[in-house]
Amino acid sequence: MKFNILYIYSILLALASFALAVASYVVSGQALWWGVTGAESQMGGKFWSFFGLDISKLAYYHVYPIPEIDKAFTWFLVFGIIIGSFVASLAKGEFSIRQVPNRNLSLQALIGGILIGYGTRMAGGCNIGDFYSGFATGSFWAFPFFLSMLSGIYLILVLSRSRWFSHFFASAKPRSTFVWLGRKIQYSMLAISIAVVGVLIYIFQDTMVRIWLVFGMILGSVGYLGTLCFQTSFRETLGVSRDREMIRLIAVSLLVVSVLAQISIFALHLRTNFFFDQNQSVLYQIIGGFVFGLGMGLAFNCTFSMEWRMGSGNIQALITFIGLTFIGAPLYALSYSFWHSFIPVLVYPATYWQFSIYRYGIPGAVLIDLFPIMWIIFFGYRRGSELKEEKTETSGSMAS
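Okay, so let's go over this structure.

Rules used in this analysis
Residues numbered from 1 in each chain as written. Predicted model: local features only at pLDDT ≥ 70, side-chain atom pairs only at ≥ 80, totals over all residues. Heavy atoms only, no water. Helix = DSSP H or I, 4+ residues; strand = E, 2+ residues; numbered from the N terminus. Rg over C-alpha atoms; globule rule 2.2 N^0.38 Å. Phe/Tyr/Trp six-rings, centres within 6.5 Å; stacked < 30°, edge-to-face > 60°. Buried < 20%, exposed > 50% of the residue type's maximum accessible area, 1.4 Å probe, protein only. Expected span 1.5 Å × (residues − 1). Patch = residues over 30% accessible without salt bridge, like charges linked within 9 Å, V, L, I, M, F, W, Y side chains within 5 Å. Areas by Shrake-Rupley, 256 points an atom, 1.4 Å probe, with all protein chains shown as cover. Salt bridge = Lys/Arg side-chain N within 4 Å of Asp/Glu carboxyl O. Polar contact = N/O pair within 3.5 Å; in protein donor to acceptor, adjacent residues only side chain to side chain. Core = buried A, V, L, I, M, F, W, Y, C linked by side-chain atoms within 4.5 Å.

## Here we look at the overall build of the chain
At step 1: Within the chain one finds 17 helices and six strands.
At step 2: Taken over C-alpha atoms, the radius of gyration comes to 20 Å for the chain, in line with the 21 Å a tight globule of 400 residues would show.
At step 3: Along the first, second and third principal axes, the C-alpha set of the chain runs to 55 × 50 × 50 Å.

## Looking at the packing of aromatic side chains
The geometry of an aromatic ring pair is captured by the separation of the ring centres together with the interplanar angle, meaning the angle of the planes.
At step 1: Applying the stated criterion to the full structure yields 40 aromatic pairs.
At step 2: Between Tyr 118 and Tyr 332, the ring centres sit 5.3 Å apart and the planes meet at 85°, which makes this aromatic pair edge-to-face. Remark: Tyr 332 occurs in helix 15 (residues 315-340) and Tyr 118 occurs in helix 5 (residues 103-123); sequence separation between them is 214 residues. Comparing Tyr 118 with Tyr 332, the two get one shared label, buried.
At step 3: Centre to centre, the rings of Phe 135 and Phe 143 are 4.8 Å apart; their planes meet at 75°, and the pair counts as edge-to-face.
At step 4: By relative accessible area, Phe 135 is classed as buried at 1%.

## Observations concerning helix 13 (residues 282-299)
At step 1: Given a rise of 1.5 Å per residue, 18 residues ought to cover 26 Å, and the 25 Å separating the end C-alpha atoms of helix 13 matches this to within 8%.
At step 2: Here helix 13 lies mainly inside the structure; 13 of its 18 residues are buried.
At step 3: Just downstream of helix 13 lies Phe 300, where phi reads positive at about 60°.

## So, a nonpolar patch on the surface
At step 1: Taken together, the side chains of Ile 362, Val 366, Leu 370, Ile 373, Met 374, Ile 377 and Phe 378 make up a nonpolar region of the molecular surface, amounting to roughly 630 Å² of accessible area.
At step 2: Counting through the fold element by element, Val 366 comes out in helix 16 (residues 362-380).

## Quick word on helix 10 (residues 207-226)
At step 1: Look at helix 10: 28 Å from first C-alpha to last across 20 residues, which is about the 28 Å you get at 1.5 Å a residue.
At step 2: Burial analysis of helix 10 places 15 of its 20 residues in the buried class, which makes it a mostly covered element.
At step 3: One side-chain oxygen at the N-terminal end of helix 10 lies 3.1 Å from the backbone nitrogen of Met 208; it belongs to Asp 206.
At step 4: Once helix 10 ends, the next one or two residues include Thr 227, with phi positive near 45°.

## Things to note about the nonpolar core
At step 1: Counting residues in hydrophobic clusters, the biggest one holds 91 residues, and the most contacted among them are Trp 34, Phe 131, Phe 230, Phe 234 and Phe 304.
At step 2: Ranked by size, the runner-up nonpolar core spans 13 residues in total, among them Leu 58, Tyr 118, Tyr 336 and Ile 343.

## Topic: the side chain of Asn 102
At step 1: Looking at the element boundaries, Asn 102 is found in the loop between strand 3 (100-101) and helix 5.
At step 2: Judged by its relative accessible area of 17%, Asn 102 falls in the buried class.
At step 3: Only 2.9 Å separates the side chain of Asn 102 from the backbone nitrogen of Leu 105, close enough to count as a polar contact.
At step 4: A polar atom in the side chain of Asn 102 sits 2.7 Å from the backbone oxygen of Ser 171.

## Description of the environment of Val 259
At step 1: Mapping Val 259 onto the fold places it in helix 12 (residues 245-267).
At step 2: Measuring from C-alpha to C-alpha, the distance between Val 259 and Thr 137 comes to 9.5 Å, with 122 residues separating the pair along the chain.

Here it is, written out as structure tokens:
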């Protein structure tokens, strides 16, 4: 059987994630596993503060305080992912303005982004923070979040086949509008981009900012070159496509990053934690994960693929990013106190181990490692009854 080079990129995603955690530990004394939407919600809050929103009065921004730009290393991870895919697409001469949605698909992408933003901040993480990094570090929240997320995507798939909504979904298509740049122009833009990155590294001298920017670029380029998309793997799990390749790619990456995380925790004894809040009730992961899944089902994007796709010129992904960052996440910030007024939370400070399956040692690690293995065995090669949505999936989730 011919080896698929995409598996190299799936493993590189895991290696880069692990290396980022170790580099963060060397600098800060804590291994930080990456996520993206916490930073995006802070960007959205900062944006609305320019229009008079007093974000200092919102309880959400007390939990996720907006940092000064020269210390906002998580922001620079997001910038890096976008820049990394931009640079990678230019280097291959593939950058173009593409996946330009018509009105219905634009609305779908925007509403999807809003739901993604609202759901991910309610859950305290996304398909990276609560799923990929979450599983790797044994988070108790990862399992209910994953199941709730799949439920949300499944509901959208069912609605897309119903007689009330099928016409809207069928008419939501990208326009054949492409702006291709000549190779000379692309290489010139590549040189300018590299120079800009050099200037950013020179201006922002905080070590964590520099590390997260560089690793963001690595993650973004790996995502683009490997066309890695968690949302696609979740749709394949639900039986949308006959091809189960993305399940296998993401599952392999998840297994590798989990084993590496276990080495860092059990063998290297690195102090490990997320950089985002973990003291919420599991109800937030269930409700937020479901809303997040609805958004992914509509937008045909996950939070990671959305960023590397927009960096390579995908307009549909850009619209989703706008909905997430500037509407959905700030909306949850406004309603944060409302939810916390009646859904119980753990109000006392808690160590990471109270929320990790790794508190049970090696058996907990084995349980984590079994998940991606079972995912591949039961879903990675399954050929069952297919949901008839291949055309919509193809038009809505083109990556390159």
